[in-house]
Structures are given as C-alpha cells and as structure tokens.
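Now for the letters of each chain:
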Amino acid sequence: MEHPEHEDQVDHDQEQFITDEDVLAEVPDDGDQLMDEDYEDEEDDTVGELVPGSSGSVEDNSVQSFPNHQSSVFAVAVHPTQPLAVSGGEDDLGYIWDITDGEVIVKLTGHSDSVVCVGWSYDGEIVSTGGMDGKIRLWRRVGKENYRSWEFLTELQGPDEVMFLKWHPKGNVLLAGSNDTTLWLWQLPTGNTMQVFAGHTGPVQCGTFTPDGKRIVSACGDGTLILWDPRSPTPVFKLTAQDARFDLDGITSLGVNPSSTLAVVGGAAGGVRVVSLTKGEVVSALGGHTEGESVEAVEFIDLTGAGSGPGVVATGATDGKICLWDLSTMRLRSTVEHSDAVTTLLAVPPPNNHLLISGSADKTLRTWDARTGTLIKAHRGHQGPILGASLGLNGSVVVTAGDDGVSLVFTTEPEEE
C-alpha cells in the first residue's frame, strides 16, 4: 500500500535507475481496441455484502466464488486498494473480476497458452498477465473515475516461457524470469526493455525486487542465486551449487526480509539457506523439512511491525510442513502442518501482522498465529489443490487460485464467537 508521503521518494527512485541509456528497444503498441465495459460504478461494494458459502459446496466458508475459468486457475492477484482480482488459467485467459459479487470486469485475451502469472503495478493502474507462450500482456485503467474500464496497453516479448512476473514496489518497472535462463526488466507504460540479465544456467524460477526497490534477487533450477543492480547487466554477486554450502538440488523458492539484508532460499531437496545480501555469502542452513521434499514457499513475517532486524521467516514444503524460523537466532520457533503439500504462504499486513496464511494441495487455506503456531481458522470450499493465493483490502480478504477451476474469496478475520 503506497502512502502520499512516499511519492517524492518514488520519483527519486525512478530517476535514480531509469534513464534513456537503459533503453534497449522500443516496443510498438499493436493497436488493440479500447476495452470499455459499460458497467455502472459500484462505489458501495464492500466485503460486508459477501455471503458465506456462495460457491455452493457442502463444507464451504468462502464468501464469494469466481468459476469462469473452465480449467485450473494458476495465478491470482488482488488489487492494491480496490475489491478487484486478476486471475489467470489453463484456459489461456485472464480475467479482472469484482471480488464482492464475482462479476467479470474485463476478459483478458491474447495468450495462446496457459496464463501462469498475473500482477498489478504498485499503484494498481496497470495489470499484467504472463503466459507459457512467452508473452506478457499489459492493460491499464481508463480514466480516473472508477476501476471498471481497462484498455490494452502493450505486449512484451523476449522470454521463451514466463516463469514469474514481479512489479517494482515503488515504480512502473516489471521483472520477468524465463525458462531459457534469462531475466528481463521493462519500463512501463512505454514497454521499453531496460535490461536483459544473463548469468543463470537453468530456468529462472523465482526472483524479486528487494523491498527497498534497489536490487533484484533471482534464482534458477540449476541452483544459482544472483543479486543484481537493476542498472547493470553484471551480477553484484553469484552463489552456485559448486559451493558445497549452497547445493540445494535446484532452487524452488526465495524471499527477502523487510530490511533487504537477507535472502532465504528454498531448494528442491528440502534444504533452506539464509544468504547475506550485503556479504554475498551463506550465513546459515535451516534443516526443518523432510529430505527430498521441495520447499515451495518462503514468506517473511514482520511480527514487530518495524521492518528492521533479521526477521521471522516461514518456509512451506511438499512435506506439508510450515517451519517458522527466528533469523536473529537461526532457531526454529514452531512447525505447523497441512495434510498435503504447501503451495503458498502469505503474511498478513498490519494491524494483523502476526497472522500467516497458507494454501495447500489438501484443498484448504489456513490462517495461523505466527507468534504461537496456533491454527486460527481453516478456509474450505475447494474441490482440488490450491495453487496460489493473494491478500486484498489491507489483508482482510484472501483470494485463491484453485486447480478445480475456481477462485474463492475468504475473509481472514477469525469468526466471532
């Protein structure tokens, strides 16, 4: 969530690392027509209107359902401020939809293969879809009146197959990892390529901007971790599987702490490593997951709300375990479990920053108190594995991506006794 007082900082950050010299190529707009759906502005939409159990299953405490994808929903992201979600699926489509009533705002077309990643720019003015077809398609909001009208902006090409998409936390800059070992950085709304990073030897499966927006951390299936300066094609540092302390049998997940000093990296064989981003070295190995089980999610939890210090991190793996680690001592705080693989972890923002939400192949989402490891609430309604999830409306709702072809909306607040 951006606040007005950050605006000067944003401009400064953008000027700091986006110049004309960074532009490699200009991507022309292919002239797609305006997507103006003639909907009434529904100013009064609130989560309070949502009715439990609206997806029609027996055991279902969701408050809204979106069944429009005809097959697996691979990705979902809730708008930074509005009651809107974007989802992408195996049906080669994306949708922007209203989480209060499930209404389609815009159908996002143009992909020729599964849409596997979606996301909103930091201010929610641009939405992105990334596909197995290698395309990244972008739409932007029309006008300032409401969020009901969107137009096609541009299509970015370069990756062979898009593995992930991440927006910069403070500016209109988009990062994408490709399965052909490259990492791409674009400036929006122009679509100009700012950088193509080469240095990985396997599919670039995960990557992110550091929370301060100054660096990029990426990791590949071959087990290489690289820290980049967005302005330079040369790595700041690189750790590879040749370093015995860092051999993870391929990297499957990563996270960076709120103070941008540590990365936590999860591997395909159950290993977890803590890496100092200032020193470029492994500072600890965390051994809580079953050997041979892939670590699928890493999420930092800002228990103090200060965003400082090493922090607390949660790791989730295909063994069904979620391990909560205190990085100031490198000790395990607690372990909680699902009955099947953990696919996603989400830290709820303040004032409920003690809450952690997990999604699993066991068809449930669970809300935990990260301080104690206590289960607060189980969110049910899916008929198949949950493949992804996203928090919205300041953490008061969570929206899922289901292998059963449905997205469900749940409230994160514990039920009233």
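Residues numbered from 1 in each chain as written. Predicted model: local features only at pLDDT ≥ 70, side-chain atom pairs only at ≥ 80, totals over all residues. Heavy atoms only, no water.

**Some points on the sheet that holds strand S14 (residues 192-198)**
Consideration 1: The four strands lie next to each other as S11-S12-S13-S14, forming an open sheet whose pairing is antiparallel. Lying at the two open borders of the sheet, with one neighbouring strand each, are strand S11 (162-167) and S14. Direction aside, the axes of adjacent strands within the sheet are offset by 20° on average. (Pairing = 2+ DSSP bridges. Helix = DSSP H or I, 4+ residues; strand = E, 2+ residues; numbered from the N terminus. Axes fitted to C-alpha atoms, helices over the stretch in contact; angles between N-to-C directions.)

**Focus: the environment of Gly-131**
Consideration 1: With respect to the helices and strands, Gly-131 occurs in strand S8 (residues 126-131).
Consideration 2: Overall, the relative accessible area of 0% leaves Gly-131 in the buried class.
Consideration 3: Each C-alpha atom of the pair Gly-131 and Asp-113 lies 6.2 Å from the other, and the pair is 18 residues apart in sequence.
Consideration 4: Residues within four places of Gly-131 in sequence aside, it is in contact with His-111, Ser-114, Val-115, Val-116, Glu-161 and Val-162. (Buried < 20%, exposed > 50% of the residue type's maximum accessible area, 1.4 Å probe, protein only. Contact = heavy atoms within 4.5 Å.)

**Quick word on the packing of aromatic side chains**
Consideration 1: Within this structure, the stated rule accounts for six aromatic pairs.
Consideration 2: Judged by centre distance (4.4 Å) and plane angle (5°), the rings of Phe-66 and Trp-97 are stacked. With Phe-66 in strand S2 (residues 64-66) and Trp-97 in strand S5 (residues 94-98), this pair connects stretches of sequence that are 31 residues apart.
Consideration 3: The class for Trp-97 is buried, based on a relative accessible area of 0%.
Consideration 4: Note on Phe-197 and Trp-228: the rings are 4.7 Å apart at their centroids and 45° apart in plane angle, and the pair reads as tilted. Placement of Phe-197 in strand S14 and of Trp-228 in strand S17 (residues 225-228) is noted, with a sequence separation of 31 residues between them. For the pair formed by Phe-197 and Trp-228, the shared burial category is buried. (Phe/Tyr/Trp six-rings, centres within 6.5 Å; stacked < 30°, edge-to-face > 60°.)

**Observations concerning the nonpolar core**
Consideration 1: Judged by nonpolar contacts, the single largest core of 17 residues is most densely connected at Leu-225, Phe-246, Ile-251 and Val-275.
Consideration 2: Elements represented by at least two residues in this core include exactly strand S16 (216-219), S17, strand S18 (235-239), strand S19 (251-256) and strand S20 (262-267).
Consideration 3: The biggest single contributor to this core is S19, with three residues.
Consideration 4: Beyond its immediate stretch of four places on either side in the chain, Leu-225 contacts Val-217, Ser-218, Ala-219, Phe-237, Lys-238, Leu-239, Phe-246, Ile-251, Leu-254, Val-265 and Val-275.
Consideration 5: Residues Val-127, Trp-139, Tyr-147 and Trp-150 belong to the second largest nonpolar core, which totals 16 residues. (Core = buried A, V, L, I, M, F, W, Y, C linked by side-chain atoms within 4.5 Å.)

**Side note on the pairing of strand S3 (residues 73-78)**
Successive side chains on a regular strand alternate, one facing one side of the sheet and the next facing the other.
Consideration 1: Within S3, five of the six residues are buried, which leaves it mostly tucked inside the rest of the structure.
Consideration 2: Bridge count between S3 and strand S4 (residues 84-89): five bridges; the pairing is antiparallel. Looking across to S4, one finds that Val-78 is bridged to Ala-85.

**Some details on the confidence of the model for the chain**
Consideration 1: Taken residue by residue, the chain gives an average pLDDT of 88. The fraction at 70 or more is 85%.
Consideration 2: Contacts from residues 1-57, a stretch scored under 50 in pLDDT, to residues over four places away or in other chains number 108 contacts. (pLDDT = per-residue confidence, 0-100.)

**Quick word on the side chain of Arg-137**
Consideration 1: By secondary structure assignment, the location of Arg-137 is in strand S9 (residues 136-141).
Consideration 2: Within the structure, Arg-137 has its side chain in polar contact with the backbone oxygen of Thr-109 (distance 2.9 Å). (Polar contact = N/O pair within 3.5 Å; in protein donor to acceptor, adjacent residues only side chain to side chain.)

**Focus: the environment of Ala-314**
Consideration 1: By the element assignment, Ala-314 lies in strand S24 (residues 312-317).
Consideration 2: Considered as a pair, Ala-314 and Val-298 are 16 residues apart in the sequence and their alpha carbons are 5.8 Å apart.
Consideration 3: Aside from chain neighbours lying at most four places away, what touches Ala-314 is Ala-297, Val-298, Glu-299, Ile-301, Ile-322, Cys-323, Leu-324, Leu-345 and Leu-356.

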